[in-house]
Structure formats: C-alpha cells, structure tokens
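Residue-level listing of the chains:
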Amino acid sequence: MQFKHPEILYFLFLLVIPILVHLFQLRRFKKEYFTNVKLLKTLQTQTRKSSQIKKWLLLATRLLLLSCLIFAFAQPYFEHDKATKKSNELIILLDNSFSMQAKGPKGELLKRSIQELLEELPENQTFSLLTNTEIFWDTDIKSIQKELQNLSYSALPFQLDYLLNQVEIKKKQVPKDFIIITDALQTESKKAAVLAENHSVYFIQPQTEYASNVCIQNVEISQVMDQFYELEITLQSFGLKQKEVPLSVISSNKAIANTLVQFDTPKKVIKITIPKKEFQGTVHIDDQSLTYDNDYYLSISTPQKPSVLAIGSPAQNNFLSRIFTADEFNFKSNELKSLDYNQIENQEAILLNELDDLPLALGTTLKAFYEKGGNIVLIPNQQNSVNTLNTFAANFGATKYAALSTTEKQITTINYSHPLFQAVFEKKVTNFQYPKVKSSFDLSGNTAVLQYEDQAIFVGSSTNQLGNFYAFSAPINKQNSNFQNAPLIVPTLYNMGQNQNKIGSIAYTIGENQSLILETSLSKDEAVVIQNKAYSFIPMQQLLNAKCKLSFGDYPEKAGNYEVIKNQESLKKISFNYARTESDITAINSGNFDTFTKVNNVSTVLNDLASAQSNSEIWKWFIMATLLLLCIELLIQKMIK
C-alpha cells in the first residue's frame, strides 16, 4: 500500500491526546453523602465496572475513528497491474467508406460518429486518427475539428489490416489502445486476433435504421435504332424487399425519361429509350438508404464510322462488303501484294481472310496495331502450315493452332457472356440452324466465342484490354463451310469490326485502372486534362503515333460527368462511376471483431480506459470506516450506562 500524501500520517501522533484524556480523569467528582449508603453499595460496584468497560470501548473507537480519518486524508492506494498503461497512445480507426452514408437513429453513421468524437474526447487528449483516406498523427480533437467536420466519404473500402500496417510503421513498439469505428461491411482481417491479444481494442459498430438499399448496378446501350437508343438499366435490391423506386434519366438538369420500378425480384432489368443523339447525363433513383449508388453517370458520343480493312482476294472478300455496309463502316478490301502498310494504323479492325502466306513483316506491323487498341481477325487458309499460323498468332497472346482435321463438325455453342455478344441476344438460343465446317484446325489458348459440338473452339479471342485478337479455326469459304449463309455470321463479324472507344456509352468505374484511346496526336510538351466544373486531373498519357492512350488508375476521386480537354478544346465526353462494392448492406462481417471489446459509444471507452489505467484507490473505504465508527461511538454512548 502506498500514499499520495504520506506527510499527513504525522497526524497519527495526535492519537496520544485521547489516550491521555482517558488515562487521567480530568473530570473532578463531587462527593454526596446519603443517610443510608449501605443499600447502594452493590449498585455502586456494578456501575464502576460498566463505566470502566464503556471508557475503554470509547477510547478504542475514537482512536480507530481518528486513525481512519487521517489515513483517508493521506489517500492510500494499491498500485494497479495496468498502471503502466497511462503512457499508452490512443489510436482511432474511423471508417469513412460509402456504406457509412446509411442513416441511423441520429443521422448518417459517419457524421454521427464524428460528432460523438468531437463531443466526448477531452481537449487535452492526444491521439492519432486514421480513416480510409486521411491520417492525423499525434493530434488533439480541437486541432482537427474542422477537418473531421469536412471529412468526405471515400470510394475506398475500410481495410483494417492496411490501417494497422500504417500504425505499426509509424508507432512501432509503442504501447497502444485502439478504438475501431466501422459498420463492418465486407471487412476481412487477418490481424484482428493478434491485435486483440497485444492491445486493448474497443469496437464500435454504428447501427443503420434502414435495412435495405437499392443501387444502379449498370447502364448500357442494348439496342441502336434509327431514332433512339435503348438503354438497359440493371438495378439491385439488398436487404428488405422494396416495393417500388422512382427512376429518371436526366440530361442538362431535365428529366427526359421517367418510370417507376417495381421490385418483384431482387434484381431488376428495365429498358428505356432516349433520343439518338450525343448524350451526357445521369440515371437517377430515389432511395433513402445509401446515396452514392443512386446515380449512374453516362456519356454517349456521336457514333463514328469504324474503318475496317480486309486483306485477301476480291472474290473471298466479296461477302464482307454486305456486312460492313457503307452507311456504318469505312470498308476497304486489299490484296496482300498491293497492301500499303501505312494504312493499317488508321483502321479500327483488320481482317486477314484466308491468306496464302502470313509474312513476318505483316505480323510485326499488326502487333503494334494491336497494342494501340486495334482489332485483328484471323481466318486461316487450309494451305497454311501450323508453324506459320502459330508464329503469326504468337504476336497476340497464347493462341495456338494444331494439325488440320478433315472431320465435319457442327457449330452448336454460343458464349453469350462474351463481350462480342453482350447486346445481341435477348435470350439464350438452344435450337438454331447449326452451321458446319468440313475441315478445321485444332485451336487452343484463348477464350471460346463459338464452339463445335465436341466443345472444340471454332472462334476464340484474346485481349490486351485495348485491342482484341479473334482467331477462326477453319476457313469460312463456301467450299469448306456454310457459315457465310448462317445468320450468326452478321453479329459475329459486325462486332469484330467495331471499336469500343468509338461507339456506345462511355462510362468507367473508378479504381479499375481502365484506359481510353484517343484519335489525337500530342507533342512532347502537351498534356490532356480531364475535368468538369468542380474537379480536374491529368491522366497518365502514352503517345501512340496518331493516337494517345489515357490510363486513369484510381482517378478521378469523385464520380461524375467529365470532358477530355486539349488546349481548351473538348475532345470527348466521358463519365466515371463509383464501384458498387459498398451497396450490399447485408454483407456485414463483424465476426472478425469478436475478439474485441464491443461498446456502444466513445464515452464508454474513455471511462473504461480511465478506470483500467488508474490505481486502486482505497481512501473511500477509510471514509466509510470513519462514518461507521462514529455510529458505533454513538451507540456505545446510548447503550452502555
């Protein structure tokens, strides 16, 4: 036992005073004579004995009473096991991901958590605070009040292990206490168990008031008509079943289409038509839960005619002119011997239609074309050697040809999920007029687009995320196949001739490091800027002769509609959307935090830490003992005569 004020113990010497008072009867007795004292002799003896007992009891009680009072003022205590934690640093990990937009009983979860920190943390409390996007080391609540109040939501998810790594790098071998504030949505952690073993960790999980959320998952052009675009809008409902949600298509702050979506299933796909013209706007829903996924930004540019070059004999290329019509394509046909290699970089797609030979120079030129975002279609000739085909295909990935087979095969399987057919079929077709081939090479090493009845590949594809390489396993001339007469040939070759950067909607997802090929040339000192009224950034840029490749990485930080600007000139309209990773509010994974101390608010944490870090003070017990002894003295005075 130790004392906070040991000097007060000197007052114990004052206990001599009551002892002296009791030992020396300072009170003088006055004798009274009675006429007959014989009768009182026995009573007098008994009274003297009772008086002696009472005197010693009072002496003991008063000595104990004064001793307890002196000890109480000296404030004795026992040192606590965790008293060393007074030097622990307080670390607060605050989730500011989009899922914290959900509303609880007192407002948005993040805003309410910030307000609680501002109200409960003492001004002299030093701590470090880490969010998904911001870090404040060794600060106090007054210093970062403004930053916390202006803290915005982040598209980055709450990654506990990443934040813990940041803490360990900065605060290595420093004793720490943790407060973790998160809704635990889709949170995985490998360090949670170890953290709980070595530190005091408190987990606060704000609770949402609405147990449902609706988001716009995707918007794309499903059909291009003469006067209209048909938009296919995919919505997803999470949690409790929604009855209906209003949906609008907005352009220039005006609604050009409205509908009411009825949710009979969790996933709902609806189609809306808009005028066929350049469009930049938003698809919007009214949902009272999360708000970040209520808008889907979309840009539709005026379609440009793709340039398609077919290399082969005029007779073989004749059927291609009926697919790549003049009103939709700039189509040219060239024989290999008269080919101008300088024309290749100006095309969107190159078709090699049953060439007798595949020169190395052609392969090298097409490889550069492919790396800049061009599409290449290889239709082999029966006379081609396997070695020639593989040497050429090696420029575009892992596609490999094997020996020619003369077994007749039917083309029976369509890969409906392949990007080539995404907007072609309304439903899966299982019974159609199967085209067939008489002879074919074995093809492997790429993704199947069309397959034979034995699951071998008829058409395969590979991609570098910019360009696409499509390989046929068999010639499609009328002597070897009836594929030219099959309806399937039109969407297959038509979509192979398209360039994704020149048609359809332009909407990218932030954080997926996507790219865009621009038909523009830049000097070494020039830079393209992507901007809107509120935000701008310069993407990574790569010069590709007459083209420019833009890579976005994790930018922009905010979703919205943007423009690509070069020297104050708008080159293209473009849109960015947040990934919908935070939309499923039912994906709560608080199991990782079971080893932590779960509390409801910050004040509970601070009180618990203060209690755990304090010494066991027992002066209160001495005060109680003093009061008890005072009561005992009063009882002795009244009960013992």
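Residues numbered from 1 in each chain as written. Predicted model: local features only at pLDDT ≥ 70, side-chain atom pairs only at ≥ 80, totals over all residues. Heavy atoms only, no water.

Student: Which parts of the structure should I look at to understand the pairing of strand 26 (residues 457–463)?
Tutor: Looking along a regular strand, one sees side chains alternate from face to face of the sheet. Buried residues dominate strand 26, accounting for six of its seven residues. With four bridges joining them, strand 25 (residues 447–452) and strand 26 adopt antiparallel strand pairing. If you follow A448 over to strand 26, its bridge partner there is G460. Between strand 25 and strand 26, which pair antiparallel one after the other, the connecting turn spans four residues, and Q455 there sits at a positive phi close to 70 degrees. (Buried < 20%, exposed > 50% of the residue type's maximum accessible area, 1.4 Å probe, protein only. Helix = DSSP H or I, 4+ residues; strand = E, 2+ residues; numbered from the N terminus. Pairing = 2+ DSSP bridges.)

Student: Any chance you could explain the packing of aromatic side chains here in plain terms?
Tutor: For any two aromatic rings, the description comes down to two numbers: the centre-to-centre distance and the angle of the planes. Summed over all chains, the structure comprises 26 aromatic pairs. Here the aromatic residues Y508, Y535, F537, F552, Y555, Y562 and F576 are joined through ring pairs into a cluster of three or more. (Phe/Tyr/Trp six-rings, centres within 6.5 Å; stacked < 30°, edge-to-face > 60°.)

Student: Just to check I follow, could you spell out the sheet that holds strand 12 (residues 244–251) for this structure?
Tutor: Strands pair in a sheet through their backbones, by hydrogen bonds, and they do so in one of two ways: parallel or antiparallel. Strand order in the open sheet formed by four strands is 13-12-15-16, with antiparallel pairing between adjacent strands. Every interior strand has two partners, whereas the edge strands, strand 13 (254–262) and strand 16 (295–300), have only one. Sheet twist, expressed as the mean angle between neighbouring strand axes with direction ignored, is 20 degrees. Relative to strand 13, strand 12 runs antiparallel, the two sharing eight bridges. Each bridged residue has a counterpart across the sheet, and for V245 the counterpart in strand 13 is V261. (Axes fitted to C-alpha atoms, helices over the stretch in contact; angles between N-to-C directions.)

Student: Before we go on, may I ask you to explain the sheet that holds strand 34 (residues 560–566) in this structure?
Tutor: With mixed pairing, the five strands of this open sheet are ordered in space as 28-35-34-30-31. The strands lining the two open edges of the sheet, one partner per strand, are strand 28 (507–509) and strand 31 (536–537). Looking at chain direction, strand 30 (residues 529–531) and strand 31 are connected through two bridges and run antiparallel. Its bridge partner being in strand 31, I530 is matched across the sheet by F537.

Student: How do you make sense of the pattern of salt bridges when you look at a structure like this?
Tutor: Per the stated rule, a full pass over the model turns up nine salt bridges. Across the pair E89 and K171 runs a salt bridge whose closest N-O atoms are separated by 3.0 Å. Residue E89 is located in strand 3 (residues 89–94), and its partner K171 is located in the loop between helix 5 (160–170) and strand 8 (176–181); the two are separated by 82 residues in the primary sequence. Salt bridges here are not isolated pairs; linked through shared partners, they connect E89, D138 and K171. (Salt bridge = Lys/Arg side-chain N within 4 Å of Asp/Glu carboxyl O.)

Student: It is not clear to me how a nonpolar patch on the surface should be interpreted in this structure. Could you clarify?
Tutor: A cluster of nonpolar side chains, contributed by L66, L69, F73, I623 and L627, occupies part of the molecular surface with about 420 Å² of accessible area. Among the secondary structure elements, those contributing two or more residues to the nonpolar patch are helix 2 (41–74) and helix 12 (619–639). In terms of residues, the nonpolar patch owes the most to one element, helix 2, which gives three residues. Classification of F73 as exposed rests on a relative accessible area of 53%. (Patch = residues over 30% accessible without salt bridge, like charges linked within 9 Å, V, L, I, M, F, W, Y side chains within 5 Å. Areas by Shrake-Rupley, 256 points an atom, 1.4 Å probe, with all protein chains shown as cover.)

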